[in-house]
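Overview (structure and organization)
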Amino acid sequence: MRLLDDATGDLVLVASRGLSAPTRRLKLGEGPPGLVVQRGEPIIVEQLSTNPDLARSRLRQEGYESYMVVPLRLHHKLVGTLSLFTKAARAFDTYERRFFSQVGLTVENALLYEEAARREREAGFLDRATQLFNST
């Protein structure tokens, strides 16, 4: 999973499993995640080895054959990407595509919850600070 860094516009790797040494930061348009953010729509590749542009890619070198990258949105704003790589060549059926998009929504809900909890902590701090200020 990658999230956008608001300060730089880069995609920053926040969670990964499987790749030996994943690139920590990607620019907009760089690699499949960067393209997904640039286009705002999923990218699905069912067979890397038959695609001349991707046959020499890093994913292929590590033995992956298929992948799917979907955008993550928060308040209808693109905030990152979620990726799935498989070593076997395969088509992702409608159910899997829908499920993976639902995983993206679940991550979005977790991000919303985290944001709400942060705002609640800030409001509590401001409330306590106001009470302290008023008591002095």
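Okay, so let's go over this structure.

Calculation rules
Residues numbered from 1 in each chain as written. Predicted model: local features only at pLDDT ≥ 70, side-chain atom pairs only at ≥ 80, totals over all residues. Heavy atoms only, no water. Phe/Tyr/Trp six-rings, centres within 6.5 Å; stacked < 30°, edge-to-face > 60°. Helix = DSSP H or I, 4+ residues; strand = E, 2+ residues; numbered from the N terminus. Lys NZ or Arg CZ within 6 Å of the ring centre and 35° of its normal. Salt bridge = Lys/Arg side-chain N within 4 Å of Asp/Glu carboxyl O. Buried < 20%, exposed > 50% of the residue type's maximum accessible area, 1.4 Å probe, protein only. Arc of directions from axis to C-beta. Contact = heavy atoms within 4.5 Å.

A word on the packing of aromatic side chains
Applying the stated rule across the entire model yields two aromatic pairs. With centroids separated by 6.1 Å and ring planes inclined at 50°, the aromatic side chains of Y67 and F85 adopt a geometry described as tilted. Linking Y67 in strand 5 (residues 66–74) with F85 in strand 6 (residues 77–86), this pair joins segments that are 18 residues apart in sequence. Sitting over the face of the ring of Y64, K87 holds its NZ or CZ atom 4.8 Å from the ring centroid.

Regarding the pattern of salt bridges
For the coordinates displayed, the defined rule picks out seven salt bridges. For R25, the salt bridge goes to D5, with nearest N and O atoms at 2.6 Å. With a gap of 20 residues between them, R25 in strand 3 (residues 25–26) and D5 in the loop between strand 1 (2–4) and strand 2 (11–13) connect regions that are remote in the sequence. Overall, the relative accessible area of 23% leaves D5 in the partly exposed class. Where D6 meets K77, a salt bridge forms, and the shortest distance between an N and an O atom there is 3.8 Å. With D6 in the loop between strand 1 and strand 2 and K77 in strand 6, this residue pair connects regions lying 71 residues apart in the sequence. On the basis of relative accessibility, which here comes to 67%, the residue D6 falls in the exposed class. Through salt bridges with shared partners, a single ionic network connects D5, D10, R25 and K27.

Looking at helix 1 (residues 31–39)
Of the residues making up helix 1, those classed as buried are P33, G34, V36 and V37. Burial along helix 1 is one-sided: seen end-on, the buried residues are contained in an arc of 155°. Those residues of helix 1 that are buried are in contact with strand 1, strand 2, strand 3, strand 4 (43–45), strand 5 and strand 6. Note on helix 1: the residue one or two positions beyond its end, G40, has a positive phi of about 80°.

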